[in-house]
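Single-letter residue listing:
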Amino acid sequence: MAKEKFTGVKGMNDMLPQDAAVWQHVQSTCVGVLERYGYQEIRTPILENTRVFTRGVGEVTDIVEKEMYSFVDSMNGDQLTLRPECTSAVVRAVNEHNLLYGTNQRLWYFGPMFRHERPQRGRYRQFYQLGAEALGMEGPDVDAEMIMMLSRMWKALGVGPVKLELNTLGALEERQAHRDALIRYFEQNQDVLDEDAKRRLYTNPLRILDTKNPEMQDLVNAAPRLLDFLGEKSRGFLSRLEELVSAAGIEYTINPRLVRGLDYYNHTVFEWITDRLGAQGTICGGGRYDPLVEMLGGRPAPGVGFAMGIERVIELLREVGQVPVSTQTDVYVIHHGGDTQKDALLLAEAMRDADVRVIVHPGEGSIKSQMKKADASGAEYAVFATADELAQGKVAVKCLREHAAEVPFAQQTLVDVADAPTAVAQAIAAVRAL
Ligand code: HAM
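Reading the values: the criteria
- Residues numbered from 1 in each chain as written.
- Predicted model: local features only at pLDDT ≥ 70, side-chain atom pairs only at ≥ 80, totals over all residues.
- Heavy atoms only, no water.
- Near = heavy atom within 4 Å.
- Polar contact = N/O pair within 3.5 Å; in protein donor to acceptor, adjacent residues only side chain to side chain.
- Areas by Shrake-Rupley, 256 points an atom, 1.4 Å probe, with all protein chains shown as cover.
- Helix = DSSP H or I, 4+ residues; strand = E, 2+ residues; numbered from the N terminus.
- Nonpolar A, V, L, I, M, F, W, Y, C, P; charged D, E, K, R; others polar.
- 1 Å grid on protein atoms, 1.4 Å probe; cavity = no way out; pocket = protein on both sides within 12 Å on 5 of 7 lines; lining within 4 Å.
- Points joined across faces, edges and corners; volume = space filled by probe spheres on them.
- Phe/Tyr/Trp six-rings, centres within 6.5 Å; stacked < 30°, edge-to-face > 60°.
- Buried < 20%, exposed > 50% of the residue type's maximum accessible area, 1.4 Å probe, protein only.

## Remarks on the site of the ligand
As a structural note, the neighbourhood of the ligand is formed by 27 residues, with Glu85, Thr87, Glu117, Glu133 and Tyr265 the closest of them. A distance of 2.9 Å separates an oxygen atom of the ligand from a polar side-chain atom of Arg115. At 3.0 Å, a side-chain N or O of Tyr264 approaches a nitrogen atom of the ligand. About the coverage of the ligand: the protein hides 95% of its 660 Å² of free accessible area. When contributions to the shell around the ligand are tallied by element, the ones reaching two or more residues are strand S6 (126-135), strand S10 (282-288) and strand S11 (303-309). Class assignment for the residues of the shell around the ligand results in eleven nonpolar, nine polar and seven charged.

## Points about the layout of surface pockets
Considered as a void within the structure, the second largest pocket measures approximately 580 Å³ in volume. Lining of the second largest pocket is provided by 24 residues; of these, Leu172, Arg175, Arg179, Asn204 and Asp263 occupy positions nearest its centre. Secondary structure elements with two or more residues in the lining of the second largest pocket: helix H2 (50-56) and helix H6 (172-187). When residues of the lining of the second largest pocket are assigned to their parent elements, the largest contribution, four residues, is made by H6. In the lining of the second largest pocket, the residues fall into eleven nonpolar, five polar and eight charged.

## Details of the packing of aromatic side chains
Scanning the entire structure with this criterion turns up seven aromatic pairs. On the basis of an interplanar angle of 65 degrees and a centroid distance of 5.8 Å, the ring pair of Trp154 and Trp272 is categorised as edge-to-face. One end of the pair, Trp154, is in helix H5 (residues 141-157); the other, Trp272, is in strand S9 (residues 266-273), and 118 residues separate them in sequence. Looking at Trp154, the relative accessible area reads 4%, which means it is buried. With a centroid separation of 6.1 Å and 85 degrees between ring planes, the pair formed by Tyr381 and Phe409 is classed as edge-to-face. Placement of Tyr381 in strand S14 (residues 381-385) and of Phe409 in the loop between strand S15 (394-399) and strand S16 (413-416) is noted, with a sequence separation of 28 residues between them. For the residue pair Tyr381 and Phe409, the accessibility class agrees, reading buried in each case. In textbook terms, an aromatic cluster arises when at least three aromatic residues are bridged by ring pairs, as seen for Trp23, Phe110 and Tyr128.

Put into structure tokens, the structure is as follows:
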């Protein structure tokens, strides 16, 4: 029988061990920053009832119309969806557990999201987001602080320059008036509209402004602008946000065309963009979503949040050469099998007690082949638990790397077995301090 070859699902990636260091670096750096702003972790299931997203994200959005992995649970007929984003899920959980009762919440999450998009560089069907949601606070101070927090994350990660684009979607009534004006305007120009635009005309005319169709650009550029429909309160909200962001020394541009692809937003929307990643240059998007908590059945409460695409952030770190090298082994223990293997295992335990990361050579093998494995493991040191040395109560320690001259055990050195864990731990500390 021919051997069957298995591959992963298209658009869904394996995270391989050589990339583990950069993934962990991104997550721990961002979480370190989030904690400095009082955010706490929340984890919600990957599956939600489909209604959470159709109601939350909006029926007439690309995500809900074309991109969701939805299915009927054959056991009970439930309509379920693999989460395409996490804001709706977090709000569902916050409502379900009454987390806004008499208080507010600052929450963060990290995990996979699923969208059936056409895969390309920076765009996948399973991708990871790190996001945060600040619930129960009206802003714009909270929006500004969130932008300051993101700016701090970019610095801590070392992603290089990223552009901040800001816009406001105003309040519901203002959007309604703008929407009516847009519909009237597009109705008068039906002949220029493409199929997509015609379909959206009465359901989501705002999204027509997002069109990539070059033949519609003039029409879209001359369309009524939301900015002209904003009342004093909304204008004040935006100008206070601008004032606070500027005071923090963060550069931004106002992009009146920035509408975002999810329906729950009002007032602030923003994106962070790089020109180093080609077409998928948005590394982070977010905004205020005051209607969402109530839309998902809770008592009205405001919210603002963001999510960054981890694959894109990592890709950008590679572009700017900021990827940490992965070192996961400090010491490789070489032995002669038999009793020396037992001694090697026990010595390794003692080194681990001293916080050293140790691999003991598995099974047996010639010293030469074990040395090759030691080198390939990336270990800084080899420890030789070999028969002659052990017979004298000693092991040999040797630095395997180029910086040997600057750290202990440049030459192969005999050390008492009892002293070896401490001596090796000190040597590793010297290497780390280089
Ligand atoms: P979003 O703009 O749909 O917003 O996604 C946020 C980020 O996730 C994007 O800027 C991008 O970096 C990344 N991303 C989106 N789709 C893909 C994909 N197919 N492949 C790789 N990366 C992708 C949201 O999801 C909102 N929930 C953000 C938010 C939180 N708003 C308020 N709170």
